[in-house]
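Survey of secondary and tertiary structure
One-letter residues, chain by chain:
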Amino acid sequence: MTRIGNSDLDVFPLALGGNVFGWTADRDASFEILDAFVAGGGNFIDTADSYSSWVPGNHGGESEEIIGQWLASRKPSNVVIATKVSQHPDFQGLSANNVRSAAEASLKRLGVDHIDLYYAHFDDPSVLLGETVNAFANLVSDGLVRHVGVSNYSAARIHEWLGFAHRASAALPVAIQPHYNLVHRDPESAIVPLAQEYDISLVPYYALASGFLTGKYRSADTAGDSPRAQGAARYATPQGLRIIDTLEEIGKDHKASIATTALAWLRERPAVVAPIASASRSAQVHDLLASAIVELTADEVHRLDEVSQPDPV
Ligand SMILES: NC(=O)c1ccc[n+]([C@@H]2O[C@H](COP(=O)([O-])OP(=O)(O)OC[C@H]3O[C@@H](n4cnc5c(N)ncnc54)[C@H](OP(=O)(O)O)[C@@H]3O)[C@@H](O)[C@H]2O)c1
């Protein structure tokens, strides 16, 4: 277990992504995935109120509902649930009223009396940041939320958030959720240093680059039956494939899959507390969990750093 920033939340160092629930995993498959995750020691589950509104026939909230049904059925003792606000079709943006209403709706769907970690999903420049910061702080002081996080925010806007929160003596963000993996290292320029300076944990999403970092897309033309295939296969560039080859070579020495090795690299990056990866079926969960125990050597980390070095612009 590892602690998220300055919070009191202790989590397994790999979070289970919840955007599959109600999308590529139906209720039964979702229960199997969640059961396998917890049986293997996992306890950190990531969702959002909007998941999975993009699926025809869905409206948003399906992922939280499935997680809520699973929590009610299994009554696990130490799970940490993270969810997010701003993208649900009925609860768009980060005005104070919307943040409060969306949080109440999430609590209802999840069937819990508090949210462990509540993220602003995307920045909303149409609302004064101070209003959003206060709305989150009020959720914490009213006991609806234990800790605050931000996702997809620029470093400059996180600085602003911290300034507002300090001045109001409001709850500070304990986690940042950026898009970060071996084929997308953008957060290293500004977000990682900021996280280190303020002791905020990183919880990176797309940790497997939508499946590319499992090694199953060896060509940009790879057709797959997953709705993620197109998004994932676009990373099959010459450099992307060199990264996969290096992961495969390094993984052999650890008896670890390409996916496990990619997640282990990310877990060991500065400020990262737990990469988020999803599974569309329970058989995939083992590779995710295994990343928590693989310790890459300094030389292996160096090789992966080098092969994934972003091209200078
Ligand atoms: N904050 C944000 O804005 C944001 C944005 C996106 C995602 N997220 C969060 O991050 C989570 C992870 O993102 P993601 O699910 O889109 O991408 P991901 O974790 O990078 O990719 C996961 C996908 O890879 C495939 N996979 C996983 N394990 C595998 C294995 N062992 N072997 C082969 N394939 C495997 C599965 O898809 P297939 O079986 O379909 O190939 C799985 O759904 C989401 O669930 C969500 O919680 C947050």
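Scroll up to find the structure.
I will try to describe carefully the structure that is included in this document.

Reading guide: rules and limits
- Residues numbered from 1 in each chain as written.
- Predicted model: local features only at pLDDT ≥ 70, side-chain atom pairs only at ≥ 80, totals over all residues.
- Heavy atoms only, no water.
- Helix = DSSP H or I, 4+ residues; strand = E, 2+ residues; numbered from the N terminus.
- Expected span 1.5 Å × (residues − 1).
- Buried < 20%, exposed > 50% of the residue type's maximum accessible area, 1.4 Å probe, protein only.
- Near = heavy atom within 4 Å.
- Polar contact = N/O pair within 3.5 Å; in protein donor to acceptor, adjacent residues only side chain to side chain.
- Areas by Shrake-Rupley, 256 points an atom, 1.4 Å probe, with all protein chains shown as cover.
- 1 Å grid on protein atoms, 1.4 Å probe; cavity = no way out; pocket = protein on both sides within 12 Å on 5 of 7 lines; lining within 4 Å.
- Sits in = over half its atoms within 2 Å of the grid points.
- Phe/Tyr/Trp six-rings, centres within 6.5 Å; stacked < 30°, edge-to-face > 60°.
- Lys NZ or Arg CZ within 6 Å of the ring centre and 35° of its normal.

Comments concerning helix H4 (residues 129-141)
- Under the 1.5 Å per step criterion, the end-to-end length of H4 is 18 Å for 13 residues, consistent within 8% with the ideal 18 Å.
- Taken as a whole, H4 has its buried residues at Leu-129, Gly-130, Thr-132, Val-133, Ala-135, Phe-136, Ala-137 and Leu-139.
- At the C-terminal side of H4, Gly-143 shows a positive phi close to 85°.

Digging into the site of the ligand
- Close to the ligand lie 32 residues; Lys-216, Ser-226, Arg-228, Ser-278 and Ser-280 are nearest.
- At a separation of 3.2 Å, an oxygen atom of the ligand approaches a polar backbone atom of Gly-18.
- Surface burial for the ligand is 93%, taken as the share of its 900 Å² of free accessible area covered by protein chains.
- Among the detected pockets, the ligand sits in the largest pocket.
- Those elements giving two or more residues to the shell around the ligand turn out to be strand S12 (276-277) and helix H10 (285-290).

Quick look at the packing of aromatic side chains
- Under the counting rule described, the total for this entry stands at nine aromatic pairs.
- Both rings, one in Phe-12 and one in Phe-37, keep their centres 6.5 Å apart while their planes meet at 80°; by these two values the pair is edge-to-face. Taken together, the residues Phe-12 in the loop between strand S2 (10-11) and strand S3 (15-17) and Phe-37 in helix H1 (residues 27-39) connect sequence positions 25 residues apart.
- Residue Phe-37 is classed as buried on the basis of its relative accessible area, which comes to 0%.
- With a centroid separation of 5.3 Å and an interplanar angle of 90°, the aromatic rings of Trp-23 and Trp-54 are classed as edge-to-face. Taken together, the positions of Trp-23 in the loop between S3 and H1 and Trp-54 in the loop between strand S4 (44-46) and helix H2 (62-74) put the pair 31 residues apart, joining distant regions of the chain.
- The rings of Tyr-118, Phe-136, Tyr-153 and Trp-161 are connected pair by pair, giving a single aromatic cluster.
- The ring centre of Phe-164 lies 5.1 Å from the NZ or CZ of Arg-167, which sits over that ring.

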